[in-house]
Each structure stands twice: as C-alpha cells, then as structure tokens.
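Descriptive structure summary
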Amino acid sequence: VLYQSEVAPASMRGALSTLYQLGITFGILIAAYIDQVLVDRTEGWRMVMGIICIPALGLLVGMIFLPRSPRWLVQTGKRDEARRVLRSIRAEDEAVQEELEIQQELE
C-alpha cells in the first residue's frame, strides 16, 4: 500500500487503497473456497500449495517492471532518476511540482 500511495496521483490514492484492500479480502475468500474444495482430496494440499504460487509468481514478475519509489530515490540522493520516474508516471508540470514537494518534506 505504501508504494502505491507514493506513485498514485493524490486524487486517486484513497480509491486505490480501498480497491487494494477489497482485492485482498476477495483473495482470502477465494483461497478459503479453493481450500475447502481441494484439501480433502488425496494430495489436495499439494494442489492448494501449487495454486497459491500462481499469484505470487505473477507479483514477482510484475515487480521487475515497476519503477523505484520517487521518494526513496530523492532520499538516497538520486534526484535525476526520481525526476525521470515522476515524468514517466505524471504529466511534466505535476512531476516537477511533486519533486519539489518531496524535497521540501525531506528537508
């Protein structure tokens, strides 16, 4: 949630955090259902463990393509890279404004 809050536009942060929480709740519901259906079968626990790995692998692969957190980049002194990341996820004027806000917050 922290990463998505940092890279999401301010106007969408609340909605995205709510959707994130809803997705987790829905995922728990689906996992409980799959567990009930499969766990009593012979070797069913192995199927359950295999199924759980699918979203984890998707997340692992997806994280490779995510940009670094602009706030973290500014904190570590990589302002040029932070500016590049902000320009890739925001309009030019919003990127400049947010970079200044991050810098002011960290001082």
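Coordinates for the structure precede this section.
Small disclaimer: the values here were computed from a predicted structure and weren't measured.

**Quick look at the overall build of the chain**
Scanning the chain from terminus to terminus reveals 6 helices and 0 strands. For the chain, the sequential pattern of α-helices and β-strands runs α-α-α-α-α-α. For the chain, the proportion of contacts with a sequence separation of at least 24, taken over those separated by at least 6, is 39%. As displayed, the chain has an accessible area near 8,000 Å², and 65% of this comes from carbon and sulfur atoms. Of the side-chain charges in the chain, 11 are positive and 14 negative, and the distance between the mean point of each set is 5 Å.

**Quick look at the pattern of salt bridges**
A complete count under the given rule lists 8 salt bridges for this structure. Glu98 is the partner of Arg13 in a salt bridge, and the nearest nitrogen-oxygen pair spans 4.0 Å. Placement of Arg13 in helix H2 (residues 13–38) and of Glu98 in helix H6 (residues 92–106) is noted, with a sequence separation of 85 residues between them. Notably, a salt bridge pairs Arg79 with Glu99, separated by 3.2 Å at the nearest N-O pair. Here Arg79 is found in helix H5 (residues 79–89), whereas its partner Glu99 is found in helix H6, with 20 residues between them in sequence. Taking the relative accessible area as the measure of exposure, Arg79 reaches 31% and is therefore partly exposed. Classification of Glu99 as buried rests on a relative accessible area of 5%. One network of salt bridges, with partners in common, ties together Arg79, Asp80, Arg83 and Glu99.

**Side note on H6**
Between its terminal C-alpha atoms H6 stretches 21 Å, which fits the 21 Å expected from 15 residues at 1.5 Å a residue. Within the sequence span of H6, burial applies to Ala95, Glu98, Glu99, Ile102 and Gln103. An end-on view of H6 places all buried positions within 135° of arc, on one side of the element. Turned more than 90 degrees away from the buried face of H6, the exposed residues are Asp93, Gln104 and Glu105. Lining the buried residues of H6 we find helix H1 (2–7), H2, helix H4 (70–75) and H5.

**Here we look at the environment of Leu29**
In this fold, Leu29 is placed in helix H2. Residue classification places Leu29 among the exposed positions, given a relative accessible area of 55%. On a C-alpha basis, the gap between Leu29 and Arg46 in space is 19 Å, while along the polypeptide they are 17 residues apart.

**As for unusual backbone geometry**
One non-glycine residue, Glu43, adopts positive backbone phi at about 60°. With respect to the helices and strands, the residue Glu43 is situated in the loop between H2 and helix H3 (44–64).

**Brief notes about the nonpolar core**
Counting 5 residues, the largest nonpolar core is built from Leu73, Val74, Ala82, Val85 and Ile102. Breaking this core down by element, the ones donating at least two residues are H4 and H5. Residues in contact with Val85, not counting those within four places in the same chain, are Pro67, Arg68, Pro70 and Leu73.

About the criteria used
Residues numbered from 1 in each chain as written. Predicted model: local features only at pLDDT ≥ 70, side-chain atom pairs only at ≥ 80, totals over all residues. Heavy atoms only, no water. Helix = DSSP H or I, 4+ residues; strand = E, 2+ residues; numbered from the N terminus. Contact = heavy atoms within 4.5 Å. Areas by Shrake-Rupley, 256 points an atom, 1.4 Å probe, with all protein chains shown as cover. Lys, Arg positive; Asp, Glu negative; His and termini not counted. Charge placed at Lys NZ, Arg CZ, Asp CG, Glu CD. Salt bridge = Lys/Arg side-chain N within 4 Å of Asp/Glu carboxyl O. Buried < 20%, exposed > 50% of the residue type's maximum accessible area, 1.4 Å probe, protein only. Expected span 1.5 Å × (residues − 1). Arc of directions from axis to C-beta. Core = buried A, V, L, I, M, F, W, Y, C linked by side-chain atoms within 4.5 Å.

Take it as geometry only, folks, not as evidence of what the structure does.
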